[in-house]
Amino acid sequence: MKRVAILISGGGSNMLRLIESMTGDHPARPVLVGANDPGAGGLALAAAQGVPVFATDHRPFGRDRAAFEAELIRQLDAAQPDIVALAGFMRILTPGFTAHYAGRLLNIHPSLLPKYPGLNTHARAIEAGDAEAGASVHEVTSDLDAGPILGQVRVPVLPGDTPEELAARVLVQEHRLYPAVLRRFADGNRARLDLDATLTPTP
Ligand code: GAR
């Protein structure tokens, strides 16, 4: 059974979907949820699922990312994770951290990578006049949002979409994509998974 730790910064809706997916004959189980913000709403959701939680506030570390990450690694490694899944974790990680978890560190990003790494992905897709947006799950390497892509879901951009409307439509599909990719990854399957939101009803 693979042990999965999840890092969040906020509401944790992807985290909750990952936790809920890891039951029955799933090859993995959630062992820990951590946040860089003690106020992250997802911590209570994880605790309510019976998953141990921790918060390491990044702010007291100031610009010392390495010291913040050393504490994060200490907390994570106590739970002996086979896989660390970033789910709305909004801190940039140094090469020291990504190397420590090389080959077992996943992230979900709300764009069709390699388009729009970084922030404000939905506004940038609308601004560019893209017909499609989406989300990607990828392995995390030292290059921001640029590791090998494990799965993508495509979502139509509708006329008049605001960034918030598009983000909500993409998020629903993130909730399909991330559990599906995690399950395959835990099984040792790193082949790319492509989902298309137009093939399924969207709210
Ligand atoms: C998700 O849309 C995720 O793709 C995005 O943050 C949101 C978190 O929502 N992640 C990033 O932008 C990473 N750079 P959640 O807390 O409800 O899962």
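Residues numbered from 1 in each chain as written. Predicted model: local features only at pLDDT ≥ 70, side-chain atom pairs only at ≥ 80, totals over all residues. Heavy atoms only, no water.

An unreviewed UniProt entry lists the protein chain under the name Phosphoribosylglycinamide formyltransferase, with Paracoccus jeotgali given as the organism. According to the UniProt record, the Function (unreviewed entry) comment for the protein chain reads "Catalyzes the transfer of a formyl group from 10-formyltetrahydrofolate to 5-phospho-ribosyl-glycinamide (GAR), producing 5-phospho-ribosyl-N-formylglycinamide (FGAR) and tetrahydrofolate." (UniProt positions renumbered as here; feature names shortened; annotations may be inferred.)

Asks: I keep staring at the packing of helix α1 (residues 13-21) against helix α6 (residues 163-186) and nothing clicks. Help me out?
Replies: The geometry of a pair of packed helices is captured by two quantities: the angle between their axes and the separation between those axes. Remark: α1 packs on α6, axes separated minimally by 9 Å, with the N-to-C direction vectors making an angle of 40°. Viewed along their axes, α1 and α6 adopt a mutual orientation that is oblique. In terms of crossing hand, the pair formed by α1 and α6 is right-handed. Of the residues in α6, those in contact with Ser13, Asn14, Arg17, Leu18 and Ser21 of α1 are Leu171, Glu174, His175, Tyr178, Pro179 and Leu182. In terms of residue class, the contact of α1 with α6 is built from five nonpolar, four polar and two charged. (Axes fitted to C-alpha atoms, helices over the stretch in contact; angles between N-to-C directions. Helix = DSSP H or I, 4+ residues; strand = E, 2+ residues; numbered from the N terminus. Parallel < 35°, antiparallel > 145°, perpendicular 65-115°, else oblique. Left-handed = near helix turned anticlockwise from the far one by under 90°. Contact = heavy atoms within 4.5 Å. Nonpolar A, V, L, I, M, F, W, Y, C, P; charged D, E, K, R; others polar.)

Asks: How should I be thinking about the nonpolar core in this particular structure?
Replies: One recurring pattern in soluble globular proteins is that nonpolar side chains are buried together. Residues Ile6, Ile8, Met15, Val33, Leu177 and Tyr178 are the most contacted members of the largest nonpolar core, which totals 38 residues. Domain assignment of the residues forming this core places at least three in each of domain 1 (1-101) and domain 2 (108-203). (Core = buried A, V, L, I, M, F, W, Y, C linked by side-chain atoms within 4.5 Å. Buried < 20%, exposed > 50% of the residue type's maximum accessible area, 1.4 Å probe, protein only. Domains from an automatic or database assignment.)

Asks: When you look at the site of the ligand in this model, what are you seeing that I'm missing?
Replies: Around the ligand sit Gly11, Gly12, Ser13, Asn14, Gly88, Met90, Ile108, His109, Pro110, Leu171 and Glu174, and that is every residue in its neighbourhood. Interatomic distance of 2.6 Å between a side-chain N/O atom of serine 13 and an oxygen atom of the ligand. Burial of the ligand by the protein chains amounts to 81% of its free accessible area of 450 Å². Those elements giving two or more residues to the shell around the ligand turn out to be α1, β5 (105-109) and α6. Along the lines of polarity and charge, the residues of the shell around the ligand split into four nonpolar, six polar and one charged. Of the residues that make up the shell around the ligand, three or more belong to each of domain 1 (1-101) and domain 2 (108-203). (Near = heavy atom within 4 Å. Polar contact = N/O pair within 3.5 Å; in protein donor to acceptor, adjacent residues only side chain to side chain. Areas by Shrake-Rupley, 256 points an atom, 1.4 Å probe, with all protein chains shown as cover.)

Asks: Help me out: how do you make sense of the packing of aromatic side chains in this one?
Replies: In total, this model carries two aromatic pairs according to the counting rule given. Between phenylalanine 97 and tyrosine 101, the aromatic rings sit 5.0 Å apart at their centres with planes inclined by 55°, giving tilted as the arrangement. Judged by relative accessible area, tyrosine 101 falls into the buried class, the value being 0%. (Phe/Tyr/Trp six-rings, centres within 6.5 Å; stacked < 30°, edge-to-face > 60°.)

Asks: Help me understand the sheet that holds strand β6 (residues 132-139), please; the structure alone is not making it clear to me.
Replies: Strand-to-strand pairing in sheets goes through backbone hydrogen bonds, with the strands running parallel or antiparallel. Here eight strands make up an open sheet; going across it, the order is β3-β2-β1-β4-β5-β6-β7-β8 and the pairing mixed. Among the strands making up the open sheet, the edge pair consists of β3 (53-55) and β8 (193-196). Adjacent strand axes in the sheet meet at a mean angle of 20°, parallel and antiparallel pairs treated alike. Across three bridges, the pairing between strand β4 (residues 83-86) and β5 is parallel. Along β5, the bridge assignment pairs valine 84 with leucine 105. Along the sheet face, α1 touches β1 (2-8), β2 (28-35), β4 and β5 and points at about 165° away from the line of β1. (Pairing = 2+ DSSP bridges.)

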